[in-house]
Amino acid sequence: MSSPSPTPAPAPARPVRVLLVEDDDLMRRSFTVALERYGYEMRAAADGLTGLELFRDESFDLLVLDVMLPGLDGIGLCRRVRETSLVPVLMMSARGDGLDVVAGLEAGADDYVVKPVDTFVLVARIRSLLRRARYAPAPAPGRGAGDAPPPAEPELLVFGDLTIDTGGLEVSLRGSPVALTPTELKLLLQFAAHPGIVLERHTLLREVWDYGWDGDSRVVDLCVQRLRGKLGRDRIETVRGFGYKFRR
């Protein structure tokens, strides 16, 4: 009797593809080598227009953009990316307290780091962004790891003319789909899970941005501003001195 054929090994997971756009030659090379050592598949460009061409010609899981770039700067590049894509974007700024941070977040970036940045910090921010991009609701408590999942059922949260499908991770407003970045979606899900409750900025930084330390609350404020632009300004209320409250 012939022996059974061996079970084929599962195909290895596709490496995460990162586009780095940085005009400083030494920094671009050092970041590329460092991130490749962490297993990322890297593509790099020295200016914004070349970065835009690479983005349009290839598929990437995450973009790391310097703010100050020749030709097309990082802010403009981020805006062009957001015209067609919700891919996570991490901005790098040499001026942490400058207007370029705010401009980058307003342009649609999900997070930023201030240069010079340690490789460990950069990798931590990249991993955090990728977790948001792959966000899925946690399994119901009480199920063992080997238990079969229950049949999928639609989970709809309805707030007036806003509908949130927490299972399918889809959002619609007055029946029309709303395109949200992974960070915007996770922030909205956090609000929707606590309607009518004031959420402090540091809580949102921890739960949405995975910050285990005190981060810059501007990322929260600007992401809330983008959400208001897509869902309506009255949907999320500012509670001065505390944070934000999602209206029922």
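Residues numbered from 1 in each chain as written. Predicted model: local features only at pLDDT ≥ 70, side-chain atom pairs only at ≥ 80, totals over all residues. Heavy atoms only, no water.

J.: Hey, could you run me through the overall build of the protein in this one?
T.: The helix and strand tally for the protein stands at eight helices and twelve strands. The buried share among the 248 residues of the protein stands at 45%. In the protein, 60% of the contacts between residues at least 6 apart in sequence involve partners at least 24 apart. Of the roughly 13,400 Å² that the protein leaves accessible, carbon and sulfur atoms contribute 54%. (Helix = DSSP H or I, 4+ residues; strand = E, 2+ residues; numbered from the N terminus. Buried < 20%, exposed > 50% of the residue type's maximum accessible area, 1.4 Å probe, protein only. Contact = heavy atoms within 4.5 Å. Areas by Shrake-Rupley, 256 points an atom, 1.4 Å probe, with all protein chains shown as cover.)

J.: Would you take a moment to explain the packing of aromatic side chains for this structure?
T.: Pairs of aromatic rings are described using the distance from one ring centre to the other and the angle between the two planes. By the definition in use, this model includes two aromatic pairs. For the pair Phe159 and Phe246, a centre-to-centre distance of 4.9 Å together with 85 degrees between the ring planes defines the contact as edge-to-face. In this pair, Phe159 is assigned in strand S6 (residues 156-159) and Phe246 in strand S12 (residues 243-246), connecting sequence segments 87 residues apart. Considered together, Phe159 and Phe246 belong to a single accessibility category, that of buried residues. Ring centres of Phe191 and Phe246 lie 6.2 Å apart, and the angle between their planes is 15 degrees; this geometry places the pair in the stacked category. Of the two residues, Phe191 sits in helix H6 (residues 182-192) while Phe246 sits in strand S12, which places them 55 residues apart along the sequence. Owing to a relative accessible area of 0%, Phe246 belongs among the buried residues under this scheme. Through successive ring pairs, a cluster of aromatic residues spans Phe159, Phe191 and Phe246. (Phe/Tyr/Trp six-rings, centres within 6.5 Å; stacked < 30°, edge-to-face > 60°.)

J.: It is not clear to me how the packing of helix H2 (residues 48-57) against helix H3 (residues 74-82) should be interpreted in this structure. Could you clarify?
T.: Each pair of packed helices gets described by two things: the angle between the helix axes and the distance between those axes. For the pair H2 and H3, interaxial distance at closest approach is 10 Å and the crossing angle is 20 degrees. When the axis of H2 is compared with that of H3, the two are roughly parallel. For the pair H2 and H3, the sense of crossing is right-handed. Contacts between H2 and H3 involve Gly48, Leu52, Phe55 and Arg56 on the former and, on the latter, Leu77, Arg80 and Val81. Per-class residue counts for the contact of H2 with H3 are four nonpolar, one polar and two charged. (Axes fitted to C-alpha atoms, helices over the stretch in contact; angles between N-to-C directions. Parallel < 35°, antiparallel > 145°, perpendicular 65-115°, else oblique. Left-handed = near helix turned anticlockwise from the far one by under 90°. Nonpolar A, V, L, I, M, F, W, Y, C, P; charged D, E, K, R; others polar.)

J.: Please clarify how the confidence of the model for the protein should be interpreted in this entry.
T.: Fine structural detail should not be taken from predicted coordinates in areas where pLDDT scores are low. Per-residue confidence for the protein averages 84 on the pLDDT scale, and 83% of its residues sit at or above 70. Contacts from residues 1-12, a stretch scored under 50 in pLDDT, to residues over four places away or in other chains number zero contacts. Predicted confidence for residues 136-154 stays below pLDDT 50, and this span has six contacts to residues more than four positions away or in other chains. (pLDDT = per-residue confidence, 0-100.)

J.: Explain helix H4 (residues 99-106) here, please?
T.: For an α-helix, the turn length of 3.6 residues means that residues three or four places apart are oriented alike. Those residues of H4 that sit buried are Asp100, Val101, Gly104 and Leu105. Down the axis of H4, the buried side of the element spans an arc of 135 degrees, and every buried residue falls inside it. Tucked inside the fold, the buried residues of H4 contact H3, strand S4 (89-93), strand S5 (111-114) and helix H8 (218-231). Downstream of H4 by a residue or two, Gly108 has a phi angle that is positive, lying close to 120 degrees. (Arc of directions from axis to C-beta.)

J.: What should I look at first to understand unusual backbone geometry in this one?
T.: Residues other than glycine predominantly adopt negative phi, and peptide bonds predominantly adopt the trans conformation. Lys115 connects to Pro116 through a cis peptide bond whose omega is -5 degrees. One non-glycine residue, Leu169, adopts positive backbone phi at about 55 degrees. Its identity is not glycine, yet Arg174 carries a phi of approximately 50 degrees, on the positive side.

J.: Is there a simple way to explain the sheet that holds strand S7 (residues 162-165) in this structure?
T.: By definition, the strands of a sheet pair up through backbone hydrogen bonds, in either a parallel or an antiparallel sense. Strand order in the open sheet formed by four strands is S6-S7-S8-S9, with antiparallel pairing between adjacent strands. Strand pairing shows two members of the sheet lacking a second neighbour, S6 and strand S9 (176-177), which therefore form its edges. In this structure, strand S8 (residues 170-173) lies alongside S9, joined through two bridges in antiparallel fashion. Following the sheet pairing, Ser172 is matched in S9 by Pro177. Along the sheet, H6 contacts S6, S7 and S8; its crossing angle with S7, the most-contacted strand, is approximately 105 degrees. (Pairing = 2+ DSSP bridges.)

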